[in-house]
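Take a look at the letters that make up each chain.
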Amino acid sequence: MVKTKGRRKPDLVGRVEQDEVNGVDLPIVVFEKWCKGCGICVEFCPQGALALDESKQKAKLANPEACVSCGVCELRCPDFAIMRTRKKGGSGDGEKGE
């Protein structure tokens with residue numbers, strides 16, 4: 001049996017546990033350490049909710065109100081650096097909970 005030494009969870013941009021940033025539910029989370037700043041998610045986002053942070057050269061959720069949790073960014077990210085989150089009152093399957 002192979003033992004793994006204590007693995008750390010990746011740092012998150014916008015903690016899932018907080019549920020809200022500036023009063024807006026976070027529909028996705030970007031794992032900043034995994035993001036290489038390729039911009040694929042930004043190009044494929046149909047709502048224009050994502051942008052590249054110029055200072056860090058990492059993807060960020062620039063317009064959370066525009067995000068409809070369609071999952072295109074999560075599917076297109078080659079580094080698995082984006083994850084959809086369940087919204088309060090929503091099913092987490094791409095539909096916004098109101």
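Check the secondary structure of the protein and you find 2 helices and 6 strands. Ordered by position in the sequence, the α and β elements of the protein form the string β-β-β-α-β-β-α-β. When each of the 98 residues of the protein is scored for burial, the buried share is 31%. Look at the contacts in the protein between residues 6 or more apart in sequence, and 49% of them connect residues 24 or more apart. In the structure as shown, the protein presents an accessible area of about 6800 Å², 50% of it carried by carbon and sulfur atoms.

Attention now goes to unusual backbone geometry. With phi around 55 degrees, serine 69 is a residue other than glycine that occupies positive phi space. Within the secondary structure layout, serine 69 lies in the loop between strand E5 (58-61) and helix H2 (72-76).

Under the counting rule described, the total for this entry stands at 3 salt bridges. The partner of glutamate 74 in a salt bridge is arginine 84, with the nearest N and O atoms 3.2 Å apart. Here the residue glutamate 74 occupies a position in helix H2, and arginine 84 occupies one in strand E6 (residues 82-84), the gap between them amounting to 10 residues. According to the relative accessible area criterion, glutamate 74 is partly exposed, its value standing at 25%. Residue arginine 84 is classed as partly exposed on the basis of its relative accessible area of 26%.

Let us now look at the packing of aromatic side chains. By the definition in use, this model includes 1 aromatic pair. Taking 4.7 Å as the distance between ring centres and 20 degrees as the angle between the ring planes, the aromatic pair formed by phenylalanine 31 and tryptophan 34 counts as stacked. The exposure class of phenylalanine 31 is buried, given its relative accessible area of 9%. We note arginine 76 situated over the ring of phenylalanine 44; from NZ or CZ to the ring centre the distance is 4.2 Å.

Turning next to the nonpolar core. Counting 16 residues, the largest nonpolar core has Ile28, Cys41, Ala49, Leu50, Leu61, Cys73 and Ile82 as the members making the most contacts within it. Mapped by element, the contributors of at least two residues to this core are strand E3 (28-30) and E5. Once you skip the residues sitting within four places of it in the chain, isoleucine 28 turns out to touch Leu50, Leu61, Cys67, Cys73, Ile82, Met83, Arg84 and Thr85.

Criteria and cut-off values
In this numbering scheme, every chain counts its residues from 1 along its sequence in written order. Per-residue local features of the predicted model are confined to residues with pLDDT of at least 70, and side-chain atom pairs are confined, for both listing and counting, to 80 or more; whole-chain, interface and lining totals are unaffected and use all residues. Side-chain metrics in this entry use all non-hydrogen atoms of the structure; hydrogen atoms and water are not considered. Under the DSSP-based scheme used, a helix requires at least four consecutive residues in state H or I and a strand at least two consecutive residues in state E, with every element numbered from the N terminus. Here the term buried applies to any residue with accessible area under 20% of the maximum for its type, exposed to any over 50%, and partly exposed to those in between, with areas from a 1.4 Å probe on protein chains only. Contacts are assigned to residue pairs with any non-hydrogen atoms lying within 4.5 Å of each other. To measure how exposed things are, a 1.4 Å probe is used in the Shrake-Rupley method; for residues, cover is taken only from the protein chains shown. In what follows, salt bridge is the name for a side-chain nitrogen of Lys or Arg lying within 4 Å of a carboxyl oxygen of Asp or Glu. Only Phe, Tyr and Trp rings take part, Trp by its six-membered ring, and two of them pair if their centres are within 6.5 Å. Stacked means planes under 30 degrees apart, edge-to-face means over 60, and tilted covers everything else. The rule is short: NZ of Lys or CZ of Arg within 6 Å of the ring centre and within 35 degrees of the ring normal puts a charge over the ring. To form a nonpolar core, buried Ala, Val, Leu, Ile, Met, Phe, Trp, Tyr and Cys residues must be joined to one another through side-chain atoms within 4.5 Å.

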